[in-house]
Amino acid sequence: MQFDEVILGRRSIRGYKPDPVPRALIEEILQIAMRAPSSMNTQPWNFYVITGKPLDRIRQGNTERMIAGVPQSREFRTGRPFAGPHRDRQIGVAKQLFSAMGIARDDADARQDWVLRGFRQFDAPVCIIITYDRDLDGSDDTPFDCGAVATALVNAAWSRGLGTVINSQGIMQSPVVREHAGIADDQVIMKSIALGWPDESFPANAVVSTRKSVDEAAVFVGFEEPAQ
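So, here is what we can say about the structure in this document. Note that the structure is predicted; figures quoted are calculated from it, not measured.

## As for helix α6 (residues 141–159)
Then, number 1: End to end, α6 covers 27 Å across 19 residues, agreeing with the expected 27 Å (1.5 Å per residue, within 8%).
Then, number 2: Turning to α6, its buried residues number three or more, namely Thr 142, Pro 143, Asp 145, Cys 146, Val 149, Ala 150, Leu 153, Val 154, Asn 155, Ala 156, Ala 157 and Trp 158.
Then, number 3: On the buried face of α6, the contacting elements are α1 (3–9), α2 (23–33), β1 (45–51), β2 (126–133), β3 (163–167) and β4 (187–196).
Then, number 4: Backbone geometry just after α6 places Gly 161 at a positive phi near 85°.

What follows is the structure, encoded as structure tokens:
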């Protein structure tokens with residue numbers, strides 16, 4: 001694919017085929033992703049790539065603890081709840097997804113099942129956990145850099161026919177994730193990315209979220225001044 005095709009065509013995938021993803025292909029994707037820029041070349045990121053029975057154990061532990069009401073233990077701060085236009089966009093994409101899946105507003109069971117899909121990593125065959133070195137904790141540059149590598153990763157995967165969805169549900173119960181992924185104590189769990197071959201028959205996969213315009217997002221300064 002051309003660069004613009006990848007950027008404009010990529011969308012979050014929430015339904016996957018069960019087919020395995022070759023390790024060599026994932027390694028290729030990671031190699032490309034790690035060309036992402038980082039502050040002063042610190043490259044703070046690390047990856048735990050999980051599949052098979054260890055991933056099944058994480059799915060089970062996540063869902064069991066959430067259903068039991070165990071408080072979430074996400075390691076990277078969540079911040080305040082969204083409000084204003086940010087909340088409006090969150091609600092907007094949720095409405096798109098529920099509409100695509102035929103989930104009615106008053107269908108509590110279907111909505112609960114949808115939420116639990118997130119804690120199961122959307123039943124994808126692979127989960128990639130992004131962590132960063134604990135001795136960088138507190139640096140604002142570090143999460144920015146991890147965001148850059150995550151963006152590069154999902155785009156590299158899309159260019160090779162793979163789907164992804166960046167999420168936090170899969171890491172809300174960090175003790176479960178740490179135990180079954182074998183995450184070292186010197187790492188902070190940042191984000192998780194579900195990865196696999198898209199199931200084109202899954203209705204939510206056709207949803208394309210809206211984006212605000214350049215006029216809304218950008219301020220141009222000095223462009224109307226005469227050239228010197």
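## Considerations on a negative patch on the surface
Then, number 1: A cluster of acidic side chains, namely Asp 106, Asp 107, Asp 109 and Asp 113, defines a negative patch on the protein surface.
Then, number 2: Mapped onto the secondary structure, Asp 106 falls in the loop between α4 (84–101) and α5 (108–119).

## Some points on the pattern of salt bridges
Then, number 1: Using the criterion set out here, one finds eight salt bridges in the structure.
Then, number 2: Put simply, Asp 56 and Arg 59 hold a salt bridge, and the shortest N to O gap is 3.5 Å. Here the residue Asp 56 and the residue Arg 59 both occupy positions in helix α3 (residues 52–67), the gap between them amounting to three residues, near one helical turn.
Then, number 3: We classify Asp 56 as partly exposed; its relative accessible area is 44%.
Then, number 4: Among the salt bridges present, the one from Arg 120 reaches Asp 123, with a minimum N-O distance of 2.9 Å.
Then, number 5: Shared partners join several salt bridges into a network, and the residues in it are Arg 117, Arg 120 and Asp 123.

## Focus on the side chain of Arg 178
Then, number 1: With respect to the helices and strands, the residue Arg 178 is situated in helix α7 (residues 174–181).
Then, number 2: One polar contact links the side chain of Arg 178 to the main-chain carbonyl oxygen of Gln 187, over a distance of 2.4 Å.
Then, number 3: Apart from residues no more than four positions distant in its own chain, Arg 178 is found in contact with Glu 75, Arg 134, Ile 183, Ala 184, Asp 185, Gln 187, Val 188 and Ile 189.

Criteria and cut-off values
- The numbering scheme is per chain: residues are counted from 1 as the chain's sequence reads.
- Given that the model is predicted, a residue must reach a pLDDT of at least 70 before its local features are reported, and side-chain atom pairs must reach 80 or more before they are shown or counted; all residues, however, enter totals for whole chains, interfaces and linings.
- Side-chain descriptors were evaluated using all non-hydrogen atoms of the structure, hydrogens and water having been removed beforehand.
- Each helix corresponds to a stretch of at least 4 residues labelled H or I by DSSP, and each strand to a stretch of at least 2 residues labelled E; elements are numbered beginning at the N terminus.
- Here, expected helix span is obtained from the residue count minus one, scaled by 1.5 Å.
- A 1.4 Å probe rolled over the protein chains alone gives each residue an accessible area, and that area as a share of the maximum for its type sets the label: buried under 20%, exposed over 50%, partly exposed in between.
- A contact between two residues is defined here by any heavy atoms of the two lying within 4.5 Å.
- A patch is a set of surface residues, each over 30% in relative accessible area and not in a salt bridge, joined within 9 Å for like charges and within 5 Å for the nonpolar side chains Val, Leu, Ile, Met, Phe, Trp and Tyr.
- Accessible areas in this description were obtained via Shrake-Rupley with a 1.4 Å probe; residue shielding takes into account the shown protein chains only.
- Counted as salt bridges are all cases of a side-chain nitrogen of Lys or Arg within 4 Å of a carboxyl oxygen of Asp or Glu.
- For the charge count, each Lys or Arg is scored as positive and each Asp or Glu as negative, with His and the chain ends excluded.
- Note on charges: their place is set at NZ of Lys, CZ of Arg, CG of Asp or CD of Glu.
- In the analysis that follows, any N or O atom pair within 3.5 Å is treated as a polar contact, provided that within protein one partner can donate a hydrogen and the other can accept it, and provided that, for residues neighboring in sequence, both atoms belong to side chains.

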